[in-house]
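# Fold and contact review
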Amino acid sequence: MDLATLALFLPACFALNMAPGPNNLLSISNATRYGYRTACMAGVGRLLAFTIMIALASAGLAVVLQTSELVFYGIKIVGAAYLFYLAYQLWNAAPQVEAESDNAQAGLLGLARQEFLVAAGNPKAILIFTAFLPQFVDPTVDVGSQFTLLGLLFLALEWIAIGIYAYIGLHMRRWFTQPRGKKIFNRCCAGLLSAAASMLLMARRA
């Protein structure tokens with residue numbers, strides 16, 4: 001790929017990575033509750049989901065999502081339901097002060113799974129990969145290698161976005177050390193997750 005194409009792709013891609021969304025909100029929440037390192041490591045679940053989506057998009061599954069209304073809405077409903085479930089958990093979470101312990105590390109797999117399910121439950125993600133990445137592919141050159149490179153760059157920038165949002169959450173942790181502050185923060189996150197779920201339900205096929 002030529003440098004001019006990459007110069008256009010990188011800032012546009014990073015803007016997508018940094019856009020506020022359910023997964024980035026989870027990075028903030030996880031960093032606030034469990035610390036920066038745990039939040040970043042949990043983001044591996046999101047990267048895995050996106051890797052699968054990129055592979056499926058390159059294999060043409062996105063065409064199925066675009067043409068099959070049943071599949072699209074099925075994924076959308078399941079994804080929205082999971083977001084509402086997370087919002088319910090946050091809204092009712094006990095606001096006790098949490099001590100630093102190995103419990104956060106023990107729950108790392110669960111947090112990564114949570115990130116994976118939130119990312120995988122959004123059918124718009126694979127449509128973004130289908131609509132966005134191909135714009136920077138030259139059909140006269142090896143399409144597979146170009147798509148692979150663009151996908152790897154997307155994942156690298158997504159990892160940076162995870163770190164940035166987790167860093168924001170780390171500093172917010174200092175502001176919400178009291179139970180009342182934690183309760184307010186959890187309910188704000190619950191409201192935002194519910195809003196994201198509602199937007200997901202209203203999403204239409206591209």
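Residues numbered from 1 in each chain as written. Predicted model: local features only at pLDDT ≥ 70, side-chain atom pairs only at ≥ 80, totals over all residues. Heavy atoms only, no water.

The name given to the chain in an unreviewed UniProt entry is LysE family translocator, and the organism recorded there is Pseudomonas hygromyciniae.

### Observations concerning the overall build of the chain
Put simply, the rule is: Working definition: helices are DSSP H or I runs of at least four residues, strands are E runs of at least two. Numbering for both runs from the N terminus. Relative accessibility decides the category of a residue: with a 1.4 Å probe and only protein chains considered, values under 20% of the type maximum give buried, values over 50% give exposed, and everything between is partly exposed. Here a residue-residue contact requires only that any non-hydrogen atoms of the pair lie within 4.5 Å. Note on areas: Shrake-Rupley with a 1.4 Å probe; residue coverage comes only from the protein chains shown.
Across its full length, the chain holds 10 helices and zero strands. Going from the N terminus to the C terminus, the chain shows its helices and strands as α-α-α-α-α-α-α-α-α-α. Classification of the 206 residues of the chain by burial places 42% in the buried group. Here the contacts in the chain between residues at least 6 apart in sequence split such that 89% fall between residues at least 24 apart. When the accessible surface of the chain is summed, it comes to about 10800 Å², and 69% of that surface belongs to carbon and sulfur atoms.

### Comments concerning the nonpolar core
The condition is simple: The criterion is simple. A nonpolar core is a set of buried Ala, Val, Leu, Ile, Met, Phe, Trp, Tyr and Cys residues joined through side-chain atoms within 4.5 Å.
Phe 9, Phe 50, Phe 129, Leu 133 and Phe 154 are the most contacted members of the largest nonpolar core, which has 22 residues in total. Of all elements in the fold, only helix 1 (3–18), helix 3 (36–59), helix 8 (123–132) and helix 9 (143–175) reach the threshold of two or more residues within this core. Not counting residues up to four positions away in its chain, the partners in contact with Phe 50 are Ala 119, Ala 125, Phe 129, Phe 154, Leu 155 and Glu 158. Listed in part, the 17 residues of the second largest apolar core include Ala 80, Phe 185, Ala 190 and Ala 197.

### Remarks on the environment of Asn 30
Here Asn 30 is to be found in helix 2 (residues 22–34). Sequence-wise, Asn 30 and Ala 42 are 12 residues apart; in three dimensions their C-alpha atoms are separated by 8.3 Å.

### Observations concerning the packing of helix 2 against helix 7 (residues 108–120)
Put simply, the test is: The axes used here are C-alpha line fits, helices contributing only the stretch in contact, and every angle between their N-to-C directions lies in the interval 0 to 180 degrees. With respect to orientation, any angle under 35 degrees is reported as roughly parallel, any angle over 145 as roughly antiparallel, any angle of 65 to 115 as roughly perpendicular, and every other angle as oblique. Each crossing gets its handedness from the near helix: less than a right angle anticlockwise from the far helix is left-handed, clockwise is right-handed. Basically, the charged four are Asp, Glu, Lys and Arg, the nonpolar ten are Ala, Val, Leu, Ile, Met, Phe, Trp, Tyr, Cys and Pro, and anything else, Gly included, counts as polar.
In contact at an axis separation of 10 Å, helix 2 and helix 7 are set at 165° when each is read in the N-to-C sense. With respect to their mutual orientation, helix 2 and helix 7 come out roughly antiparallel. Viewed along their axes, helix 2 and helix 7 form a crossing whose handedness is right-handed. In this structure, helix 2 uses Pro 22, Asn 23, Leu 26, Ser 27, Asn 30 and Tyr 34 to contact helix 7, whose residues at the interface are Leu 111, Gln 114, Glu 115, Val 118 and Ala 119. For the contact of helix 2 with helix 7, a count of residues per class yields six nonpolar, four polar and one charged.

### Thoughts on helix 2
Defined as follows: The span you would expect from a helix comes to 1.5 Å times its residue count less one.
With 13 residues, helix 2 extends 18 Å between its outermost C-alpha atoms, agreeing within 8% with the 18 Å of an ideal straight helix rising 1.5 Å per residue. Of all the 13 residues making up helix 2, 10 are buried; the element is thus mostly covered by neighbouring parts of the structure. Among the residues of helix 2, those classed as buried are Asn 23, Asn 24, Leu 25, Leu 26, Ser 27, Ile 28, Ser 29, Asn 30, Ala 31 and Thr 32.

### A look at the environment of Ala 59
Turning to its location among the elements, Ala 59 is positioned in helix 3. Judged by its relative accessible area of 66%, Ala 59 falls in the exposed class. Each C-alpha atom of the pair Ala 59 and Gly 144 lies 9.8 Å from the other, and the pair is 85 residues apart in sequence.

### Quick word on the packing of aromatic side chains
For clarity, the cut-off: Aromatic pairs are defined between Phe, Tyr and Trp rings, using the six-membered ring for Trp, whenever the two ring centres lie within 6.5 Å; interplanar angles under 30 degrees are classed as stacked, those over 60 as edge-to-face, and all others as tilted.
Within this structure, the stated rule accounts for one aromatic pair. For the ring pair Phe 50 and Phe 154, a centre distance of 5.9 Å and an interplane angle of 75° mean the geometry is edge-to-face. Of this pair, Phe 50 sits in helix 3 while Phe 154 sits in helix 9, and the two are 104 residues apart along the sequence. Neither residue differs from the other here; Phe 50 and Phe 154 are each classed as buried.

### Details of the UniProt feature "transmembrane region" (unreviewed entry) in the chain
Selection rule: UniProt positions are given in the numbering used here, feature names are shortened, and annotations may be inferred rather than shown by experiment.
Under the feature "transmembrane region" (unreviewed entry), the UniProt entry names residues 39–63, 70–88, 147–172 and 184–203. The span residues 147–172 carries 100% helix and 0% strand; its end-to-end C-alpha distance comes to 37 Å.

### A look at a nonpolar patch on the surface
So the rule is basically this: In this analysis, a patch consists of residues with relative accessible area above 30% that form no salt bridge, clustered at 9 Å for like charges and at 5 Å for the nonpolar side chains Val, Leu, Ile, Met, Phe, Trp and Tyr. The salt bridge definition used is simple: a Lys or Arg side-chain nitrogen within 4 Å of an Asp or Glu carboxyl oxygen.
Taken together, the side chains of Met 41, Val 44 and Trp 159 make up a nonpolar region of the molecular surface, amounting to roughly 250 Å² of accessible area. Overall, Val 44 belongs to the partly exposed group, its relative accessible area being 40%.

### Examining helix 7
For clarity, the cut-off: The reported arc concerns the directions from the helix axis to the C-beta atoms and nothing else.
The end-to-end C-alpha separation of helix 7 is 18 Å, in line with the 18 Å expected for 13 residues at 1.5 Å each. Turning to helix 7, its buried residues number three or more, namely Leu 111, Ala 112, Gln 114, Glu 115, Val 118 and Ala 119. Buried residues of helix 7, viewed axially, fall in a sector of 155°; they line one side.

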